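Chain by chain, the residues run as shown.
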Amino acid sequence: MNHSTEIILTIAGIVLVHGLIFYFLTRKSRLIKGKHVVVTGGSSGIGLWAAIECVRLGAHVTIIARNVSLLEKAKEELEKRRIRDTQLIQFRSVDLSKSYDVVKNTLHELEQAVGPIHMLINCAGMAICGTIEDTSIEDARKLMDVNYFATYYPTRYVLPKMKEAGDGIIVITASQAALMGIYGYGAYAASKFALRGLAETIAMEARHRGVSVTLALPADTDTPGFEAENRSKPEETKIISGSGGLAKPEHVGKRIVQDALKGSFFSIMGLESWVLSILCVGMAPWRGPLLCFVQFYLLGPLRLIGLALQWNFQRIIKNCAKQRQRT
């Protein structure tokens, strides 16, 4: 092989690699214009901004939550963002954790009025912090009801319909606490770990039927729920979780929708979330050769960073314990 041939092959290889990278980073999103999107927890915070993004993209949007006054205000905000007069914007006040029958009847009525649910964005959730022994049994059960079953019930309803249609998108909003246990997040993390298991199972059961699932892993986000969460946080939890900063709900909501439309399994924002998603990738579904290549080569070095973080967390916990002993 002469020198000029080697140069040509090298250039061709570089072009091919960069072309693949460009393709995976810019692959087309699925379209939701004119389709029915349901957003639970859509009256405020991340859910509201996810709904706003769907309205911006031309979808018919239904938001579901419990507080009627918040839902009315959210509906007004969504109507301002409509790009077409024919877009349907509505809400339902429902306790999604109450029972499957309640959820089934509500979603069935919505489909009769608007059309089949093409995309379900599960954002309903809450956080109650405290060590395992300081969290009441009632609160632990409430967290599982609101965080897990309020997602499981609507997902359980739409999944067989999406499989039959051969198309559909499900978003399950968990948390970074779905990737690792954190001091003071015991019962909360358990409910979010359950959501990761649900998402991975759906990905395995439904991908071949045209249904995609996205597991959203937002870090701390400036929402009304986060304000309530802070009131129950132990000092250790505030220090550990506070290192990642505070995201804006409009950025998180938009990113979740965009990732879901691209078919990404994880939806993450920021360096900390990206590192955790690589460290905790486990048996997460395949999402292209580029991402797998990155995971393969970075998992080892990032494990060392993870161990350093764990050491730092233990240091924080010991220091807080010493402070309490002094007082």
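Computed from a predicted model, the values in this text were never measured in an experiment.

Student: Got a minute to help me understand the overall build of the chain in this structure?
Tutor: When its secondary structure is counted, the chain shows 11 helices and 7 strands. For the chain, whose C-alpha radius of gyration is 22 Å, the value lies close to the compact-globule estimate of 20 Å for 327 residues. Considering only C-alpha atoms, the chain reaches an extent of 75 × 65 × 35 Å along its principal axes. Within the span of the chain, comprising 327 residues, buried residues form 46% of the whole. Taking as baseline every contact in the chain between residues at least 6 positions apart, the subset at least 24 positions apart corresponds to 75%. When the accessible area of the chain is evaluated, it comes to approximately 17,100 Å², of which 59% is carbon and sulfur surface. When the 39 basic and 29 acidic side-chain charges of the chain are each reduced to a single mean position, those positions are 4 Å apart.

Student: I would appreciate a short explanation of the packing of aromatic side chains in the present structure.
Tutor: Aromatic rings in a pair are described by how distant their centres are and how their planes are angled relative to each other. Within the structure shown, the criterion is met by 10 aromatic pairs. For the pair Phe149 and Tyr152, a centre-to-centre distance of 6.3 Å together with 85 degrees between the ring planes defines the contact as edge-to-face. On the criterion of helical spacing, the pair formed by Phe149 and Tyr152 is a turn pair, its members being 3 residues apart in helix α5 (residues 137-165). Overall, Phe149 belongs to the partly exposed group, its relative accessible area being 27%. Classification of Tyr152 by relative accessible area gives partly exposed; the value is 28%. Between the aromatic rings of Phe296 and Tyr297, the centroid separation amounts to 5.0 Å while the plane-to-plane angle is 85 degrees, which identifies the pairing as edge-to-face. In this structure, Phe296 and Tyr297 share a single accessibility class: exposed.

Student: Looking at this structure, I do not really get the state of the cysteines. What am I missing?
Tutor: As used here, a disulfide is simply a covalent bond connecting the sulfur atoms of two cysteines. Following the criterion strictly, the structure yields 0 disulfides and no others. Here Cys123 is not disulfide-linked; the sulfur of Cys54 is the nearest cysteine sulfur, at 9.3 Å. The buried category is assigned to Cys123, whose relative accessible area is 15%. Note on Cys280: no disulfide assigned, nearest cysteine sulfur contributed by Cys292 at a separation of 16 Å.

Student: How should the sheet that holds strand β4 (residues 117-122) be read in this particular structure?
Tutor: In space, the 7 strands of this open sheet follow the order β3-β2-β1-β4-β5-β6-β7, with parallel pairing throughout. This sheet does not close on itself; its edge strands, each paired only once, are β3 (89-93) and β7 (266-267). Against the sheet, α5 touches β4, β5 (168-173) and β6 (211-216), its axis set at about 160 degrees to β4. Strand contacts of helix α6 (residues 186-206): β5, β6 and β7, with the helix running at about 160 degrees to β6, the strand carrying the most contacts.

Student: I'm lost on the pattern of salt bridges in this one. Help?
Tutor: Note that side chains of opposite charge can pair when their charged atoms are close. Under the criterion given, the structure shown has 13 salt bridges. Note that Glu53 and Arg56 form a salt bridge whose closest N and O atoms lie 2.7 Å from each other. Pair noted here: Glu53 and Arg56 are both in helix α2 (residues 45-56), with a separation of 3 residues, about one helical turn. The class of Glu53 is buried, set by a relative accessible area of 5%. The exposure class of Arg56 is partly exposed, given its relative accessible area of 43%. A salt bridge links Lys233 to Glu229, with the nearest nitrogen and oxygen atoms 3.4 Å apart.

Student: I keep staring at the pairing of β6 and nothing clicks. Help me out?
Tutor: Taken residue by residue, a regular strand's side chains alternate between the two faces of the sheet. Burial of β6 is extensive: 6 of the 6 residues sit out of reach of the surface. Burial of β6 is two-sided: the residues Val211, Val213 and Leu215 facing one way and the residues Ser212, Thr214 and Ala216 facing the other way are all buried. After leaving β5, the chain enters α6 and then returns to the sheet as β6, a path that is right-handed.

Student: What is the right way to look at α6 in this model?
Tutor: Along an α-helix, residues three or four positions apart point the same way, because every turn accommodates 3.6 residues. For α6, built from 21 residues, the straight-helix expectation of 30 Å at 1.5 Å per residue is met to within 8% by its first-to-last C-alpha distance of 30 Å. Along α6, the positions that sit buried rather than exposed are Ala187, Tyr188, Ala189, Ser191, Lys192, Leu195, Arg196, Leu198, Ala199, Ile202, Ala203 and Ala206.

Student: Sorry, what's going on with the side chain of Ser212 here?
Tutor: On the secondary structure map, Ser212 appears in strand β6. Residue classification places Ser212 among the buried positions, given a relative accessible area of 11%. Among the polar contacts listed, one links the side chain of Ser212 to the side chain of Arg30, at a separation of 3.0 Å.

Student: So what exactly am I meant to see when it comes to the side chain of Asp220 here?
Tutor: Mapped onto the elements, Asp220 comes out in the loop between β6 and α7 (224-230). Exposure remark for Asp220: the relative accessible area of 15% places this residue in the buried category. Not counting chain neighbours up to four residues away, the residues in contact with Asp220 comprise Tyr185, Phe226, Glu229, Lys233, Ser241, Gly245, Leu246 and Ala247.

The rules behind these values
- Every residue gets a number counted from 1 within its own chain, in the order that chain's sequence is written.
- Only residues with pLDDT of at least 70 get local features here, since the model is predicted, and only at 80 or more are side-chain atom pairs given and counted; chain-wide, interface and lining totals rely on the full set of residues.
- As a convention, hydrogens and water are excluded, and side-chain values are obtained from all of the structure's heavy atoms.
- Every helix listed is a DSSP run of H or I at least four residues long, and every strand listed is a run of E at least two residues long, numbered separately from the N terminus.
- Values of the radius of gyration come from C-alpha atoms, whereas the globule rule sets the reference at 2.2 Å times the count of residues to the power 0.38.
- Whether a residue is buried, partly exposed or exposed follows from its accessible area with a 1.4 Å probe, protein chains only, as a fraction of its type maximum: under 20%, in between, or over 50%, in that order.
- Residue contacts follow a heavy-atom distance rule, with two residues in contact if any of their heavy atoms lie within 4.5 Å.
- The protein chains shown are the only cover counted for residues, whose accessible areas, like all others here, come from Shrake-Rupley with a 1.4 Å probe.
- Counted charges follow a simple rule, with Lys and Arg positive, Asp and Glu negative, and His plus the chain ends left uncounted.
- All charge positions are set by atom: Lys at NZ, Arg at CZ, Asp at CG, Glu at CD.
- The rule is short: rings of Phe, Tyr and Trp, with Trp giving its six-membered ring, pair when the centres are within 6.5 Å, and they are stacked under 30 degrees, edge-to-face over 60, tilted in between.
- Here, the term disulfide refers to a pair of cysteine sulfur atoms separated by no more than 2.5 Å.
- Pairing between strands requires that DSSP locate at least two bridges from one strand to the other.
- All axes here are fitted lines through C-alpha atoms, helices being fitted over the stretch that makes contact, and every angle between N-to-C directions spans 0 to 180 degrees.
- The term salt bridge refers to a pairing of a side-chain nitrogen on Lys or Arg with a carboxyl oxygen on Asp or Glu at a separation within 4 Å.
- Crossover handedness is defined here as right-handed if the route from the first strand over the helix to the second strand goes clockwise, with the strands pointing away from the viewer.
- A helix's residues, less one, multiplied by 1.5 Å, set its expected span.
- Polar contacts, as used here, are pairs of N or O atoms within 3.5 Å; protein pairs need one atom able to donate a hydrogen and one able to accept it. Residues neighboring in sequence count only if both atoms are side-chain atoms.

By themselves, these are just geometric observations and shouldn't be taken as functional.
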